[in-house]
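As a plain string of letters, each chain reads:
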Amino acid sequence: MIIILILLAVLLFLLFTFYGNPNSYIVENLRIPRNTIAFLCGGGLALSGVVYQTVLKNPLAEPYILGVAGFILLGYTIGKLFKVEEIGLAISSVVAVLSVLYISKRLPPKHMLLVGVGVNAFSVSAVLVLYSLLDPYSLKESVTKTIGVVPYVSIWAVFIVSLITLLVFFLLMLRSRNLDLLSVGELEAVSFGVNPLRERVVSLGLTTILTAIFVSLVGLVGFIGLVVPHIVRFIHSSVHSSVLPLSFLTGGIIFMGSDFLARTVIYPAEIPAGVFSSLMLSPLFIGVVWRLRHD
Amino acid sequence: MIEVYNLCVKKGNKEILKGVSMEVDKSEAVVLIGENGSGKTTLIRAISGLEDYKGEIYIDGFEPEKGGSEKISVLSQDFNPVGYLKVSEIMGFCDFIDEEIIKELGLNALFNSRVGNLSGGERRRVGIGFALMNDRPYIILDEPTANLDISYINRLINLLRRKVEEGKGLLIATHDILFAREVGDRFVFLRDGKVLYTTNEEGFNYACTKVFGTNMYTEVMKRCV
């Protein structure tokens, strides 16, 4: 399964990179970086979904729907207002993780999702207002930020982002058994030497680093983090040593495909990539909710 | 040996456990008996290292958070894994698979089901199976008989007695006194966060009468006959 997905990912990567017979400048400086970022973004979001769902014991949790991504985007935008994007990102990420941990102990899972809806609505509105204050002509950019559009970035940025994403992926893989046990239960995990609180903080922290990176680069992309892990669990298994890599690959392939469609459908103009991933995955989201209705 | 001395646990302003002392040795089953809210679950969570406490807890000489909790296998009161896990996957996380336990608990038929689709009793059986198939010197079960029907309770009693014979130390919290009487070697009666009686079979009826007001054990027996 993993091998098939890796082959598919490589094949699609090459197809999307060399589609339409481009010259070497386009390939090296535009398409390879952009496809890589799209792939990593999709994969990173799927990883976050896996971890959020397990750690919060909430099958519908993910950074987007819980408002974490929206809040981080707000932090980023406020930072941008004062030309300190990184600080805005860092502060809002830490605040978001801590509040998720705090609230999850005090609210039932369904209520948490509703809090997320509220945080999201507030954050997106505030981001639109702040962007128009920043520059009235940048409203279009702000709208695409709230849907998700893959940027062209330098090869160095791609290198760093890949490194961080892969590092987070491997660290999560090392904790896959702990995540398995945590999904059985807190007390049950303790007797295997897992410290539930530390496990929550570390794995949520790791994935939130990814969320922060991709929110600042791409914007808010919904449903990948929520739906992809469930597709993998449905087709394969729920054991983390396979859910993590399979979700990473599947999420990456889906978002890279969405970005390809985004670039080509109304070429030379462009649609935000998040539009296509939402278009594909929101019906599946409804399917997931239906399937989990008894839980 | 699990040793608990003068254990106090506070949640907010409320004192849940007020100086509890007790012990569980290998090759014996100790049953914690008490009404709802008497502190049974808190005691178990403290022994597992999930509560801040005052007093002393040692499991074979180790404090819970310093490796002691890794010597116990626990079934929590609300055993409730994420709904999408399959029973076979949960069993896969155990240290070993014991065909007899699987058979006695009727888990074969559930192997391909997702936990979210199980009934309360079925989920309980999965939890019991998970707790019994881990290789630890001590097994702690919090309300194992909740939602179980009588035939499974009988099989559970046999399974647990077998574990005691194998040399395991069992700590079982329950308010089902019939089950308690059959499975236990020693009984610890809790009320309002204090140990009222620690007794063996001989003092069981007396303690029951004192703790529950009436001799509940004979009451229940009368009802059964």
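About the cut-offs
- Residues numbered from 1 in each chain as written.
- Chains lettered and ligands numbered in written order.
- Predicted model: local features only at pLDDT ≥ 70, side-chain atom pairs only at ≥ 80, totals over all residues.
- Heavy atoms only, no water.
- Helix = DSSP H or I, 4+ residues; strand = E, 2+ residues; numbered from the N terminus.
- Rg over C-alpha atoms; globule rule 2.2 N^0.38 Å.
- Buried < 20%, exposed > 50% of the residue type's maximum accessible area, 1.4 Å probe, protein only.
- Contact = heavy atoms within 4.5 Å.
- Areas by Shrake-Rupley, 256 points an atom, 1.4 Å probe, with all protein chains shown as cover.
- Lys, Arg positive; Asp, Glu negative; His and termini not counted.
- Charge placed at Lys NZ, Arg CZ, Asp CG, Glu CD.
- Expected span 1.5 Å × (residues − 1).
- Buried area = accessible area lost by both parts, 1.4 Å probe.
- Salt bridge = Lys/Arg side-chain N within 4 Å of Asp/Glu carboxyl O.
- Axes fitted to C-alpha atoms, helices over the stretch in contact; angles between N-to-C directions.
- Parallel < 35°, antiparallel > 145°, perpendicular 65-115°, else oblique.
- Left-handed = near helix turned anticlockwise from the far one by under 90°.
- Nonpolar A, V, L, I, M, F, W, Y, C, P; charged D, E, K, R; others polar.
- pLDDT = per-residue confidence, 0-100.

Notes on the overall build of chain A
Next, step 1: In terms of helices and strands, chain A carries 13 helices and 0 strands.
Next, step 2: Starting at the N terminus, the α and β elements of chain A follow one another as α-α-α-α-α-α-α-α-α-α-α-α-α.
Next, step 3: Relative to the globule expectation of 19 Å for 295 residues, the C-alpha radius of gyration of chain A, 19 Å, shows essentially globular dimensions.
Next, step 4: Dimensions of chain A, computed from the C-alpha atoms along their principal axes, are close to 60 × 45 × 35 Å.
Next, step 5: Looking at chain A residue by residue over its 295 residues, the buried ones come to 55%.
Next, step 6: Nonlocal contacts in chain A, meaning residues at least 24 apart in sequence, comprise 76% of its contacts between residues at least 6 apart.
Next, step 7: Counting every atom, chain A has about 13000 Å² of accessible surface; 74% of that belongs to carbon and sulfur.
Next, step 8: If the 18 positive side-chain charges of chain A are averaged to one point and the 13 negative ones to another, these points end up 6 Å apart.

Thoughts on helix 4 (residues 85-104) of chain A
Residue and element names in this part refer to chain A.
Next, step 1: In this model helix 4 runs 28 Å from its N-terminal to its C-terminal C-alpha over 20 residues, within 8% of the 28 Å that 1.5 Å per residue would give.
Next, step 2: All of the buried residues in helix 4 are Gly88, Leu89, Ser92, Ser93, Ala96, Val97, Val100 and Leu101.
Next, step 3: Packing partners of the buried residues in helix 4 comprise helix 3 (68-81), helix 5 (109-134) and helix 10 (196-217).

A few points about the interface of chain A and chain B
Next, step 1: The partner chain B presents 27 residues to the 26 residues of chain A that form the contact.
Next, step 2: Both faces considered, chain A and chain B share a buried interface measuring about 2300 Å² in area, 61% of it formed by carbon and sulfur atoms.
Next, step 3: Glu186 of chain A is the partner of Arg45 of chain B in a salt bridge, and the nearest nitrogen-oxygen pair spans 3.7 Å.
Next, step 4: For the side of chain A that touches chain B, the elements supplying multiple residues, two or more each, are helix 2 (24-55), helix 8 (176-184), helix 9 (186-190) and helix 11 (224-235) of chain A.
Next, step 5: At 5 residues, helix 8 of chain A tops the list of elements feeding residues into the side of chain A that touches chain B.

Notes on the packing of helix 8 of chain A against helix 10 of chain A
Residue and element names in this part refer to chain A.
Next, step 1: At a minimum axis distance of 11 Å, the contact between helix 8 and helix 10 shows a crossing angle of 120 degrees. In this view, helix 8 runs oblique relative to helix 10, as classed from their interaxial angle. Along this stretch, helix 8 crosses helix 10, giving a crossing that reads as left-handed. In this structure, helix 8 uses Asn178, Leu179 and Leu182 to contact helix 10, whose residues at the interface are Pro196, Glu199, Arg200 and Ser203.
Next, step 2: Tallied by class, the residues present in the contact of helix 8 with helix 10 amount to 3 nonpolar, 2 polar and 2 charged.

Brief notes about the confidence of the model for chain B
Next, step 1: A residue-level look at chain B finds 95% of positions with pLDDT of 70 or above and a mean pLDDT of 89.
Next, step 2: ipTM for the predicted complex: 0.87, alongside a pTM of 0.90.

Here we look at the pattern of salt bridges
Next, step 1: For the coordinates displayed, the defined rule picks out 19 salt bridges over all chains.
Next, step 2: Here Arg181 of chain B ties to Glu201 of chain B by a salt bridge, and the two come within 3.8 Å at their closest N and O atoms. Taken together, the residues span a long stretch of sequence, with Arg181 of chain B in helix 6 (residues 177-183) and Glu201 of chain B in helix 7 (residues 201-212) at a distance of 20 residues.
Next, step 3: Using a relative accessible area of 23% as the deciding quantity, one classes Arg181 of chain B as partly exposed.
Next, step 4: Judged by relative accessible area, Glu201 of chain B falls into the partly exposed class, the value being 41%.
Next, step 5: Through salt bridges with shared partners, a single network forms among Lys105, Glu186 and Arg200 of chain A together with Lys11, Arg45 and Glu51 of chain B.

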